[in-house]
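Each chain, letter by letter, is given below.
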Amino acid sequence: MSDAELVLRSTRVITPEGTRAATVTVSAGKITAVLPYDAEVPAAARLEDLGDHVLLPGLVDTHVHVNDPGRTEWEGFWTATRAAAAGGITTLIDMPLNSLPPTTTVDHLRIKQDVARDKAHIDVGFWGGALPDNVKDLRPLHDTGVFGFKAFLSPSGVDEFPHLDQDQLAQSLAEIAGFDGLLIVHAEDPHHLAAAPQHGGPRYADFLASRPRDAEDTAIANLIAQARRLNARVHVLHLSSSDALPLIRAARAEGVRITVETCPHYLTLTAEEVPDGASEFKCCPPIREAANQDLLWEALADSTIDCVVTDHSPSTADLKTDDFATAWGGISGLQLSLSAVWTEARRRGHGLEDVVRWMSERTAALVGLDRKGAIEAGRDADFAVLAPDETFTVDPAGLQHRNRVTAYAGKTLYGVVKSTWLRGERIVADGVFTEPKGRLLTRTT
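To keep things clear, this report deals only with the structure shown in the data block. (Residues numbered from 1 in each chain as written. Predicted model: local features only at pLDDT ≥ 70, side-chain atom pairs only at ≥ 80, totals over all residues. Heavy atoms only, no water.)

Tallying each qualifying case throughout the model produces 32 salt bridges. Note that Asp 243 is salt-bridged to Arg 213, the shortest N-O span being 3.2 Å. One end of the pair, Asp 243, is in the loop between strand 12 (233-236) and helix 8 (245-253); the other, Arg 213, is in helix 7 (residues 213-230), with 30 residues separating them in the sequence. The class of Arg 213 is partly exposed, set by a relative accessible area of 23%. The partner of Arg 379 in a salt bridge is Glu 376, and the shortest N-O contact between them spans 2.8 Å. Given a relative accessible area of 18%, Arg 379 falls into the buried group. A cluster of three or more residues bridged by salt bridges with shared partners is formed by Lys 30, Asp 123, Arg 371, Lys 372, Asp 380, Asp 382 and Arg 423. (Salt bridge = Lys/Arg side-chain N within 4 Å of Asp/Glu carboxyl O. Helix = DSSP H or I, 4+ residues; strand = E, 2+ residues; numbered from the N terminus. Buried < 20%, exposed > 50% of the residue type's maximum accessible area, 1.4 Å probe, protein only.)

Rendered as structure tokens:
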């Protein structure tokens, strides 16, 4: 401990072994030790006594649409990473769309990295994209350090990122399995979507009927079959249909390498509460009924669902029209995800240790970031300091997102993030930010 530069002390530190009073020492941006609470502090070290506030590992959000470059009026690296930092997130992995160009070649990845480099308040990595015509680009992208590849099995909503049919999925997945990469999948079947009633208009019930559960269930069943055949690693994005859970459990039991995420909006919002015309609640797949939500929570508790990520997918306010058929589908949640999940988790009897497992430990493991996701020696000194029993009411004006449209407006949430730390440096406290200190991450560094 004699070489420690920084010492953080709290009566509640969430470690892999549980929550305990502890002293955490930091040197050169790394955690060097987790010691008893009353450990002596070296004279040369700076002590940050956090009192009873909870010290938890910075969250790792592996599903974020930053949209930069190309659609920076929707979001950008500066605003997205500030919002993330304000919410206790210290690492995000950016999706290959809706930026222009999408991250589907090495050259496109370089463009995005150049844009992000000086704007990132937190650490940022990148997913690649799997398109019908870019199989040749997948291995070069993997070798350059993307964390995996995203594919859609139904239309993505943007023309430059077409979806894969089943033959194209097989071709891309075979290529990715050849170097043991990871394919992450928006799993909705286009045939089931086409067959569903498409009324349009402001009624949420009509929109919900247009994105039926069986579209998810069929797409996931097909994905499981492909993964089984190729012994490939696959990950189901933003699961909303609880009907797919038995398929996933059965696949896991037979050794299929499949992981699953869900999102705060599926866990905290319900179809019954969505007002007609309120397209700030629109996302695809959709927010479903309360009974469905209960089953998602049960699947989190038994680890059928591995992790919780935001699927932060913002747009300009004018694209959020009152017609659910034509409004942009996406929910902005970076700044509020920790508090939203914690609010519902505590109501259902879960602890902060569970939230950390879902939103930090397992997300870091998903993308192989073994230096993130836990408070233990050798990890990056990335922290969030949380007052878990304090509440706040969501005011869109207080959000750091470029477009302050939120489905959480007016909700009272538990859990106030007091400060966020990146590699031992406090990057935001009480709404005051430092200059960007984030680094660009690759799978190989």
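Here we come to the pairing of strand 15 (residues 383-393). Both strand 5 (residues 54-57) and strand 15 contribute to a ladder of four bridges, which runs antiparallel. From the neighbouring strand, Pro 57 faces strand 15, where its bridge partner is Phe 383. Inspection of the sheet shows strand 15 paired to strand 16 (residues 412-422) by eight bridges, in the antiparallel sense. Note on strand 16: the bridge partner recorded for Ala 387 is Val 416. (Pairing = 2+ DSSP bridges.)

A separate point is the sheet that holds strand 13 (residues 258-262). Think of a sheet as strands paired side by side through backbone hydrogen bonds, with each pair either parallel or antiparallel. Judged by pairing direction, the sheet is parallel, and its six strands sit side by side in the order 9-10-11-12-13-14 without closing on themselves. Looking at strand neighbours, the two that pair on one side only are strand 9 (128-129) and strand 14 (307-308), the edges of this open sheet. As paired strands, strand 11 (residues 182-186) and strand 12 are joined by four bridges and run parallel to one another. Considered in strand 12, the bridge of Val 185 is made with Val 236. Relative to the sheet, helix 7 contacts strand 11, strand 12 and strand 13, its axis offset from that of strand 12 by approximately 165°. (Contact = heavy atoms within 4.5 Å. Axes fitted to C-alpha atoms, helices over the stretch in contact; angles between N-to-C directions.)

Mapped onto the fold, Ser 27 is located in strand 2 (residues 18-27). From its side chain, Ser 27 meets the backbone oxygen of Asp 3 in a polar contact 3.5 Å long. Setting aside residues no more than four positions away along its own chain, Ser 27 makes contact with Asp 3, Ala 4, Glu 5 and Thr 32. (Polar contact = N/O pair within 3.5 Å; in protein donor to acceptor, adjacent residues only side chain to side chain.)

Put simply, helix 3 (residues 135-144) and helix 4 (residues 166-178) touch, their axes get as near as 9 Å, and they point 25° apart. As summarised for this structure, helix 3 and helix 4 are arranged roughly parallel, according to the angle between their axes. Between helix 3 and helix 4 lies a crossing of right-handed hand. Note on element contacts: helix 4 touches helix 3 through Gln 171, Ser 172, Glu 175, Ile 176 and Gly 178, opposite Val 135, Leu 138 and Arg 139. Considered class by class, the residues forming the contact of helix 3 with helix 4 number three nonpolar, three polar and two charged. (Parallel < 35°, antiparallel > 145°, perpendicular 65-115°, else oblique. Left-handed = near helix turned anticlockwise from the far one by under 90°. Nonpolar A, V, L, I, M, F, W, Y, C, P; charged D, E, K, R; others polar.)

Here we take up the packing of aromatic side chains. One pair of aromatic rings is described through two measures. These are the centre distance and the angle between the planes. Enumeration over the complete set of coordinates arrives at eight aromatic pairs. When the centroid spacing of 4.8 Å and the interplanar angle of 55° are considered together, the rings of Trp 74 and Trp 328 count as tilted. Taken as a pair, Trp 74 in the loop between strand 6 (59-64) and helix 1 (77-86) and Trp 328 in the loop between strand 14 and helix 11 (337-347) lie far apart in primary sequence, 254 residues in all. With respect to class, Trp 74 is no different from Trp 328; both count as buried. A ring pair is formed by Phe 207 and Phe 324, whose centres lie 5.6 Å apart and whose planes are at 20°; its orientation type is stacked. On the criterion of sequence distance, the pair formed by Phe 207 in helix 6 (residues 204-210) and Phe 324 in the loop between strand 14 and helix 11 is long-range, its members being 117 residues apart. Overall, Phe 324 belongs to the buried group, its relative accessible area being 1%. Through a chain of ring-to-ring contacts, the aromatic side chains of Tyr 204, Phe 207 and Phe 324 assemble into a single cluster. Over the aromatic face of Tyr 37 sits the side chain of Arg 9, whose NZ or CZ is 5.5 Å from the ring centroid. (Phe/Tyr/Trp six-rings, centres within 6.5 Å; stacked < 30°, edge-to-face > 60°. Lys NZ or Arg CZ within 6 Å of the ring centre and 35° of its normal.)

Here the focus is helix 1. Of all 10 residues in helix 1, nine are buried, a share of seventy percent or more. Of the surrounding elements, those touching the buried residues of helix 1 are strand 7 (89-94), helix 2 (106-116), strand 8 (123-126), strand 16, strand 17 (425-429) and strand 18 (432-433). Positive phi shows up at Gly 88, right after helix 1, with a value of about 85°.

Take the environment of Ala 364 next. By the element assignment, Ala 364 lies in helix 12 (residues 352-366). Relative accessible area serves as the criterion here: at 1%, Ala 364 is assigned to the buried category. Taking C-alpha positions, Ala 364 is 24 Å from Thr 434, a pair spaced 70 residues apart along the chain. Not counting the four nearest positions on each side in its chain, Ala 364 is found in contact with Val 60, Leu 369, Lys 372 and Gly 373.

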